[in-house]
Amino acid sequence: MRPGMNLPSFAIGGAIASILLVAGIYFPGFGQNPPTPAPAFVIRNAQVFDGTKLLGTASVWVKDGQIKAVGRDIKVPPETKVVDGAGDTLLPGLIDSHTHDWEAQMLQQALVFGVTTQLDMFTDPRFAAGIKKEQAEGKDLNMADLRSSGYLATAPHGHGTEYGMPVPTLTSPDQAQGWVDARIAEGSDYVKIIYDDGSTYGAHIPTLSKETMKAIIDAAHRRGKIAVVHIGDQQGAKDAINAGADGLAHLFADSEPTSDFAALAAAHHVFVVPTLTVLESVSGIASGESLTTDPRLEPYLTPQNVANLKRSFGQLPTHPSEKYAETAVRELVAVHVPVLAGTDSPNPGTSHGASLHRELQLLVRAGMTPQQALAAATSVPAKTFHLDDRGEIAPGKRADLLLVKGDPTRDITATRDIVAVWKAGVEDDRDSYRAEVAKQKQQAASAANAPAPQGSESGLISDFENGKPDANFGAGWSVSTDTIAGGKSMGSMKVVSGGANGSQWALDVSGDVDGGLPYAWAGVMFSPGPQVFAPANLSSRKSLSFWTKGDGKTYRAMIFTDSGGRIPAQQVFVAGSEWKQVTFPLSAFNGTDGHDVEAILFVGGPQAGKFDFQIDDVQLH
Ligand SMILES: [Zn+2]
């Protein structure tokens with residue numbers, strides 16, 4: 001929900017992510033597979049939950065990617081393949097009503113966990129358009145279907161602008177229609193609006209005015225689009241409802257719902273996507289941690305998934321509590337406000353697909369019955385978002401199906417015990433995915449046991465005393481700038497005389513940060529592994545230290561680890577007029593133990609302008 005609030009690294013990660021993911025953004029075809037004719041089959045003897053209610057034990061006949069018949073005694077051609085579902089429950093494929101997707105792998109992962117449709121609530125519209133085009137052509141059957149808002153509506157420097165992707169912002173109601181029409185032209189399926197000043201999290205960030213929010217909602221309605229408003233607190237939720245929002249993205253964690261809240265939501269016919277899992281994370285609880293040890297899910301979670309599921313937003317200066325949201329869920333359900341299951345993956349504490357199972361568990365903990373929770377992830381979002389071909393097990397619907405062991409209408413966590421997932425009648429190859437995850441886990445384990453890089457014995461990375469930008473080990477130093485993310489920042493490095501502690505040489509890093517990207521950067525990167533971005537085992541070291549001086553500006557030291565994914569962790573330092581030593585424990589970089597360090601960066605930005613600083617005696621202790 002607020003990646004980057006107290007983990008600014010996440011925000012930066014967006015910037016760097018979008019670079020490293022250029023392939024994912026511009027060439028979504030990498031995950032493309034030719035349309036596969038779906039073989040006909042019939043699932044027999046399973047208990048069927050049709051999206052709204054239990055049908056008891058029934059047979060479901062699937063042909064040409066569609067559900068042809070449902071019933072106790074349906075007749076199918078004799079050669080039809082039979083799937084025996086005795087002891088199992090058949091559900092419609094799950095729908096996650098709040099995700100962020102910017103690479104095809106995320107959609108593949110979602111499908112493995114039974115999520116057949118992802119309702120993205122902010123991504124690069126070019127990515128969404130590419131995926132949707134392929135899906136319209138019947139391709140990408142190994143991925144969840146994508147629907148997306150594309151860009152979100154936000155104020156300049158408001159929430160949503162911190163991820164490194166340039167976002168078209170608004171400042172007044174008269175811009176609303178033009179903004180909405182531009183999104184529709186890009187392919188947005190619905191409109192997502194940010195109305196949140198960050199106060200719940202102890203931040204103060206710009207947000208749209210009430211009038212502008214309302215104008216965007218009206219503009220969306222004029223074009224027949226649903227308007228979903230991201231809110232951060234209870235007052236924001238009420239403002240959004242009064243402004244005519246169709247739905248709320250998130251419930252609030254700042255206060256106990258007032259006695260009139262549920263009635264207000266009901267009177268205005270809004271739907272609500274509580275995202276309890278990310279609100280837990282905001283409350284300082286690593287919401288996804290329990291998933292990482294669940295044997296039903298663990299074999300499908302990559303080391304990066306596991307690392308992210310164990311994260312939270314940490315302790316905030318304020319004290320938000322997901323308990324307020326749970327109370328609100330209970331009260332909303334009592335007055336029949338549609339509640340939809342959404343995760344806000346991949347924020348800290350979440351992971352695509354897997355976290356929807358946590359959300360279902362939390363919705364039940366909040367007071368929904370298991371059947372209500374299952375409807376919140378199937379028929380209710382399908383109806384709400386006009387996805388008329390799915391969300392239900394009924395003749396004529398698309399064969400998006402999830403077969404699980406046991407009975408999730410009694411124990412909601414049974415949704416995790418997946419037997420099979422079908423999208424449009426094609427069974428997902430979960431075994432291959434699991435084998436790939438096992439390989440990644442093995443690689444991570446061997447990285448943890450790998451010897452330290454040769455030449456790193458003394459701990460010294462560089463003192464630059466040979467007058468060159470050389471390093472004692474690894475692939476050395478290189479310039480890193482946001483040009484690879486579409487930015488225009490420039491940077492350079494050169495060895496200059498007058499090093500720290502009376503030494504002869506130091507490394508000078510200078511450049512000009514362009515204001516075009518909210519998380520612009522320019523600086524230098526040290527690669528400790530044998531090649532750029534190959535992980536090195538530095539776990540025998542506890543801290544990173546270096547000497548610095550410069551123009552008095554604030555700079556960032558950043559570390560990329562393999563298990564941290566494409567999201568660097570960072571610490572800030574000031575380079576003043578005198579040489580000064582700076583030391584950071586490695587664990588200060590998102591808790592890394594240093595076993596898989598891919599890069600160490602020293603960079604300027606995101607503030608625009610020229611900068612100049614020096615580093616010397618860069619060392620691991
Ligand atoms: Zn979100």
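Heads up: the structure comes first, above all this text.
On a predicted model such as this, the values are computed, not experimentally measured, just so you know.

(A) Layout of the coordination of the zinc ion. Listed as protein donors to the zinc ion are His98 (NE2), His100 (NE2) and Asp344 (OD); their distances from the metal cover 2.1 Å. For the zinc ion, the single-chain donor residues occur in sequence as H-x1-H-x243-D. Residue histidine 98 is found in strand E6 (residues 94–99), and its partner aspartate 344 is found in the loop between helix H11 (322–334) and helix H12 (354–365); the two are separated by 246 residues along the sequence. Assessed through its relative accessible area of 1%, aspartate 344 is described here as buried.

(B) Layout of the pairing of strand E7 (residues 115–120). Counting buried positions along E7 gives 6 out of 6 residues, so the element sits mostly inside the fold. Taken together, the 4 bridges between E6 and E7 define a ladder with parallel strand orientation. When the sheet's bridge partners are listed, isoleucine 95 is paired in E7 with threonine 117. Note on the crossover from E6 through helix H3 (residues 104–112) to E7: the handedness is right-handed. As judged from the 4 bridges shared by E7 and strand E8 (residues 145–148), these two strands associate in the parallel manner.

(C) Region of interest: the sheet that holds E6. Spatially, the 3 strands line up as an open sheet ordered E6-E7-E8, and their pairing is parallel. Lying at the two open borders of the sheet, with one neighbouring strand each, are E6 and E8. Adjacent strand axes in the sheet meet at a mean angle of 20 degrees when their direction is disregarded. In this fold H3 packs onto E7 and E8, with an angle of close to 135 degrees to the strand it touches most, E7.

(D) Just the environment of threonine 350, in detail. Position of threonine 350 relative to the elements: it lies in the loop between H11 and H12. Residue classification places threonine 350 among the buried positions, given a relative accessible area of 1%. Put simply, threonine 350 and alanine 307 are 43 residues apart on the chain and 9.7 Å apart in space, counted from C-alpha to C-alpha. Look past the residues within four positions of threonine 350 in its chain and what remains in contact with it is Thr277, Asn308, Leu309, Thr343, Asp344, Ser345 and Ser355. Here asparagine 347 takes part through its backbone oxygen, which lies 2.6 Å from a polar atom of the side chain of threonine 350.

(E) Spatial organisation of the packing of aromatic side chains. The tally for this structure, following the rule as stated, stands at 20 aromatic pairs. Judged by centre distance (6.3 Å) and plane angle (50 degrees), the rings of phenylalanine 546 and phenylalanine 584 are tilted. Here phenylalanine 584 lies in strand E24 (residues 580–585) and phenylalanine 546 lies in strand E21 (residues 543–550), a separation of 38 residues in the sequence. Pair check on accessibility: phenylalanine 546 and phenylalanine 584 agree, each one buried. Seen in terms of ring centroids, phenylalanine 573 and phenylalanine 602 are 6.5 Å apart; in terms of plane orientation they differ by 70 degrees. Their pairing is edge-to-face. With phenylalanine 573 in strand E23 (residues 569–574) and phenylalanine 602 in strand E25 (residues 597–604), this pair connects stretches of sequence that are 29 residues apart. The class for phenylalanine 573 is buried, based on a relative accessible area of 4%. By way of ring pairs, the aromatic residues Phe464, Phe473, Trp477, Phe526, Phe546, Tyr555, Phe573, Phe584, Phe589, Phe602, Phe611 and Phe613 are connected into one cluster. Note that arginine 183 overlies the ring of tryptophan 179, its terminal NZ or CZ placed 4.6 Å from the centroid. A cation over an aromatic ring shows up here: arginine 430 above the ring of tyrosine 300, its NZ or CZ 4.1 Å from the ring centre.

Cut-offs applied
Residues numbered from 1 in each chain as written. Predicted model: local features only at pLDDT ≥ 70, side-chain atom pairs only at ≥ 80, totals over all residues. Heavy atoms only, no water. Donors = N, O, S within 2.8 Å, 3.2 Å for Na, K, Ca; no water. Helix = DSSP H or I, 4+ residues; strand = E, 2+ residues; numbered from the N terminus. Buried < 20%, exposed > 50% of the residue type's maximum accessible area, 1.4 Å probe, protein only. Pairing = 2+ DSSP bridges. Right-handed = clockwise from strand over helix to strand, strands pointing away. Axes fitted to C-alpha atoms, helices over the stretch in contact; angles between N-to-C directions. Contact = heavy atoms within 4.5 Å. Polar contact = N/O pair within 3.5 Å; in protein donor to acceptor, adjacent residues only side chain to side chain. Phe/Tyr/Trp six-rings, centres within 6.5 Å; stacked < 30°, edge-to-face > 60°. Lys NZ or Arg CZ within 6 Å of the ring centre and 35° of its normal.

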